[in-house]
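# Chains, contacts and geometry: an overview
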Amino acid sequence: MRCVAATRAGLRATHTPAVLIARGRIDQQLGKIASLTPHDERLKSLRLLIAVLAVADERRRERFCSDGCGHAWHRLSVDTPEASA
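The rules behind each value
Residues numbered from 1 in each chain as written. Predicted model: local features only at pLDDT ≥ 70, side-chain atom pairs only at ≥ 80, totals over all residues. Heavy atoms only, no water. Helix = DSSP H or I, 4+ residues; strand = E, 2+ residues; numbered from the N terminus. Buried < 20%, exposed > 50% of the residue type's maximum accessible area, 1.4 Å probe, protein only. Contact = heavy atoms within 4.5 Å. Core = buried A, V, L, I, M, F, W, Y, C linked by side-chain atoms within 4.5 Å.

### Quick look at the side chain of Lys44
Position of Lys44 relative to the elements: it lies in helix 4 (residues 39-64). Taking the relative accessible area as the measure of exposure, Lys44 reaches 15% and is therefore buried. Residue contacts for Lys44: discarding those within four places in its chain leaves Leu11, His15 and Pro17.

### Some remarks on the nonpolar core
By size, the foremost hydrophobic cluster in this structure holds 13 residues, and its most contacted members are Ala5, Ile21, Leu48 and Val52. Going through the elements one at a time, helix 1 (2-8), helix 2 (16-22) and helix 4 are the ones with two or more residues in this core. Sorting elements by how many residues they give to this core places helix 4 first, with four residues. Ignoring anything within four residues of it in the chain, the contact list for Ala5 reads Leu48, Ala51, Val52 and Val55.

So this is what it looks like as structure tokens:
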């Protein structure tokens, strides 16, 4: 998931947040990622963490919801300017 998420976030595997999330215990690494100080590192971290959640959600849906489920959030419509016009 980590390589997929880094790629999806537009990061190289050598960017600091990608390296941190790939090593050690995730609970410890998240603290380190959250405390990165340069602004651009925080932006990379946010993009990476959102991508990690997206990959995890896709895998969860494939595993638990592929045969249908009752989760209301799977049936939410997306409001786009084209749809409301």
